[in-house]
Amino acid sequence: MSYVLGIDGGGSKTVCILMNDKREILARGESGSSNYQSIGIEAAKYSIESAINTALIQHHNIKINAICLGLAGVGRAKDIEVVRSILKDIPVTKNIKPQNIIISHDALISLVGGIGNDVGIVVAAGTGAIVFGRNHRGETKKVGGWGYILGDEGGAYNIAIAGMNAALKSYDGREVYTSLVEDFQSHFGLSNIEELIEVVYRSGLGVKEIAGLAPIVDNAAFLGDKVANQIIDDAVDELVKATVTVIDAIFVEGEFLEVVTTGSVWKGKSQIWERFVSCIERDFVNVKVIFPRFEAVYGAGLLGLRCLGEGNTKD
């Protein structure tokens, strides 16, 4: 029997699973962030090794035949080499053949885990947003994922910033009234919305903290606020546009295709998922939008098995 490790590493946590060639998860380990670009190489190595060791604590005598890591922010050749250098210092990976070590960005494992095979599209809308697709010929296309400053339209950070911006414009009288003024004021316990300046600029709210404010906009939209609903519509439009771009770039017209949606944005109450589905399935009758069948780390395990010629990801 063959055994592989699948790893999903992000900005907040790292998850590792031990999987056999029957696609069964035997163990699981978790640790902190493994995004070396934000926490440094040594800290990333510690998180990856800790997650692996936790997963193998009851299985330390098992020979690992392959490993697949899907890591946030790993998209360039330089990034992959950095991760390879990290793995060289982790004992359990030293005996794995180089061709059985897969290092990819987290969108690929989200696609494989979400759909159960490696053909289709993943629309990931969490703190940021990225759309990634792969066709039967192995061709791939990525749209978005440029980070909170340069892009990430449709992500939670973008939605939250648009909400605060709309609230301040409404307060100024530049735009129509929106309940977001009172909503943000109440959330932070402010006596006046002008105090939002201190909260955002002087309290040092980070990207994830700001992204965590997106549910305020989502809830306002759910309760019928027109401005908040426009912000949600704009987010949907961006995610639809990105998805259509991927479809047109690498898929054949009329081809059956599954699009899996992942990330916190889709869990909102304002029917953002339903709005997205309506737009996509209206224009593409052979496209089906789904929620993930499996988690991303499971996709990493499947990719690990595929490089061994086992557990084929194409069902």
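The rules behind these values
- Residues numbered from 1 in each chain as written.
- Predicted model: local features only at pLDDT ≥ 70, side-chain atom pairs only at ≥ 80, totals over all residues.
- Heavy atoms only, no water.
- Helix = DSSP H or I, 4+ residues; strand = E, 2+ residues; numbered from the N terminus.
- Buried < 20%, exposed > 50% of the residue type's maximum accessible area, 1.4 Å probe, protein only.
- Disulfide = S-S within 2.5 Å.
- Pairing = 2+ DSSP bridges.
- Axes fitted to C-alpha atoms, helices over the stretch in contact; angles between N-to-C directions.
- Phe/Tyr/Trp six-rings, centres within 6.5 Å; stacked < 30°, edge-to-face > 60°.
- Lys NZ or Arg CZ within 6 Å of the ring centre and 35° of its normal.

(A) Local environment of unusual backbone geometry. In this structure, Arg 23 takes a positive phi of about 65 degrees despite not being glycine. Inspection of the secondary structure puts Arg 23 in the loop between strand E2 (14-20) and strand E3 (25-31). Given a relative accessible area of 23%, Arg 23 falls into the partly exposed group. Here the phi dihedral of Asp 152 falls at roughly 65 degrees; this positive angle occurs in a residue that is not glycine. Examined against the element boundaries, Asp 152 turns out to sit in the loop between helix H5 (147-150) and helix H6 (156-172).

(B) Expanded view of the state of the cysteines. A complete count under the given rule lists zero disulfides for this structure. Just so you know, Cys 16 is unpaired, no disulfide at all, and the nearest cysteine sulfur is the one on Cys 68, 11 Å from it. For the unlinked cysteine Cys 307, the closest cysteine sulfur is that of Cys 68, found at 7.9 Å.

(C) Geometry of the sheet that holds E2. The five strands are arranged E3-E2-E1-E4-E5 in an open sheet whose pairing can be described as mixed. A single partner strand is all that each edge strand has here, and the edge strands are E3 and strand E5 (101-105). Strand-to-strand twist of the sheet, defined as the mean angle between neighbouring strand axes without regard to direction, takes the value 15 degrees. Across six bridges, E2 lies against E3 in antiparallel orientation. Across the sheet, the residue bridging to Cys 16 is Gly 29, located in E3.

(D) Structural view of the packing of aromatic side chains. One pass over the structure, following the stated rule, counts four aromatic pairs. When the centroid spacing of 4.3 Å and the interplanar angle of 15 degrees are considered together, the rings of Trp 273 and Phe 291 count as stacked. Of this pair, Trp 273 sits in helix H12 (residues 272-283) while Phe 291 sits in the loop between strand E10 (287-290) and helix H13 (296-306), and the two are 18 residues apart along the sequence. According to the relative accessible area criterion, Trp 273 is buried, its value standing at 16%. Here the guanidinium or amino end of Lys 142 rests over the ring plane of Trp 146, the centre of that ring lying 4.2 Å away.

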